[in-house]
Number of protein chains: 2
Amino acid sequence: MIPSQLLKGTLEGCILAVIRKKPTYGYEIAQQLAAYGFGRIAEGTIYPLLLRLEKSGAVRAELRPSELGPNRKYYALTDRGGEELAAFMASYAELTGAVDRLLADTQREDEEP
Amino acid sequence: MIPSQLLKGTLEGCILAVIRKKPTYGYEIAQQLAAYGFGRIAEGTIYPLLLRLEKSGAVRAELRPSELGPNRKYYALTDRGGEELAAFMASYAELTGAVDRLLADTQREDEEP
DNA sequence: GAGACTACTTTGTGATACAATATAGCTGTC
DNA sequence: GACAGCTATATTGTATCACAAAGTAGTCTC
């Protein structure tokens, strides 16, 4: 299980990435994230996050009927959202670069006693 | 610059990793993190975090005089801290695994139009 | 009509990075 | 000896965000 604190900030970028692949709706996003190995992301996390993204102009929402079940709110990435996704990927690379360098050093200490 | 939200949860594990390499004190930890590429971590972040770790039993503190400047509070990793570090590394690997799979898929869409 | 699955919303809570501020010792310079 | 600048720690208040919980509502199967 990934602790919720570790997901902070990451989830927003990842949802942008999921939407970029193909416009989709909240419920399916949650399932995709689970399939990618994020674990179960609560509805109370997904939906407020999508509303934030819509309000900030990173995504555009469109209501469509579902063949089975209630209506779906499909989200598509805007240009602004594409820029945010690029910024996230850069920050994420910066973070993992720093962490990986540090953890590599931590490892090294074991090997040379 | 790494946004503060992305650091959440990560910093605690990384500080444990720094301390594991060699017992050290807050001020130097901040400098080491900056050197690894984390950017400048505010004092208001480092010191409360170290106090939390001490209170939780992950680290042990010892006050030592400095050759130059005020006293330093050296922190050393406890067994409990070592376990927490291992747990962090596992969670971190889980997270980066999921994100990397997702971002790889996002990339792939570009290549095959 | 009861349960299960789909699908979205809202409210309140907890964790945590950070800005700002305070304190204090040491060094060097003018 | 006053002042700047670096070292070193602590505290207070704030903003952000993931989540639990509860609610609403549609479809399907038994």
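Only a predicted model underlies this, so the values are computations on that prediction, with no experimental measurement involved.

Caption draft 1: How the structure looks around the overall build of chain A. Per the secondary structure count, chain A includes five helices and three strands. Start at the N end of chain A and walk to the C end: the helices and strands fall as α-α-β-α-α-β-β-α. The C-alpha atoms of chain A give 17 Å as radius of gyration, which overshoots the globular expectation for 113 residues (13 Å, by more than 25%). With the principal axes as the frame, chain A shows a C-alpha extent of 65 × 30 × 20 Å. A burial count over chain A gives 41% of its 113 residues as buried. Contacts in chain A between residues at least 24 apart in sequence constitute 48% of all its contacts with a sequence separation of at least 6. When the accessible surface of chain A is split by element, carbon and sulfur atoms take 53% of a total near 6200 Å².

Caption draft 2: Structural context of the interface of chain B and chain A. Counting residues at the interface gives 35 residues for chain B and 35 residues for chain A. In total, about 3400 Å² of surface goes out of reach between chain B and chain A, with carbon and sulfur atoms giving 68% of it. Contact with chain A buries surface across chain B, with B:L6, B:Y36 and B:L102 losing the most and accounting together for 19% of the total. Put simply, chain B and chain A have ten residue pairs in polar contact (both at pLDDT 80 or more) between them. Counting only elements with at least two residues in the side of chain B that touches chain A, the list comes to α1 (4-7), α2 (10-21), α3 (26-36) and α5 (79-111) of chain B. When residues in the side of chain B that touches chain A are grouped by element, the largest group, 17 residues, is from α5(B). Here the residues of the side of chain B that touches chain A are counted per class, giving 19 nonpolar, seven polar and nine charged.

So, how was this worked out
- Counting starts from 1 at the beginning of each chain's written sequence and moves along it residue by residue.
- To read the labels, note that chains go from A and ligands from 1, taken in the order they are written.
- Owing to the predicted nature of the model, reporting of local features is limited to residues with pLDDT of at least 70; listing and counting of side-chain atom pairs is limited to 80 or more, with chain, interface and lining totals taken over all residues.
- To get the side-chain values, all heavy atoms of the structure are used, and hydrogens and water are removed first.
- Strands here are runs of E lasting at least two residues and helices are runs of H or I lasting at least four, both read from the DSSP assignment and numbered beginning at the N terminus.
- Throughout, the radius of gyration refers to the C-alpha atoms, and the reference size of a globule is 2.2 Å times the residue count to the power 0.38.
- Under the scheme applied here, a residue whose accessible area is under 20% of the maximum for its type counts as buried, over 50% as exposed, and between as partly exposed, the area being computed with a 1.4 Å probe on protein chains only.
- In this analysis, two residues are considered to be in contact whenever any of their non-hydrogen atoms come within 4.5 Å of each other.
- Computed by Shrake-Rupley with a 1.4 Å probe, the accessible areas treat only the displayed protein chains as cover when residues are assessed.
- Buried surface area refers to the total accessible area, computed with a probe of radius 1.4 Å, that the two partners give up upon joining, counted for both partners together.
- Counting of polar contacts relies on pairs of N or O atoms within 3.5 Å, with two restrictions inside protein: one atom must be capable of donating a hydrogen and the other of accepting it, and residues adjacent in sequence are counted only when both atoms are side-chain atoms.
- Charged means Asp, Glu, Lys or Arg here, nonpolar means Ala, Val, Leu, Ile, Met, Phe, Trp, Tyr, Cys or Pro, and polar covers whatever is left, Gly included.

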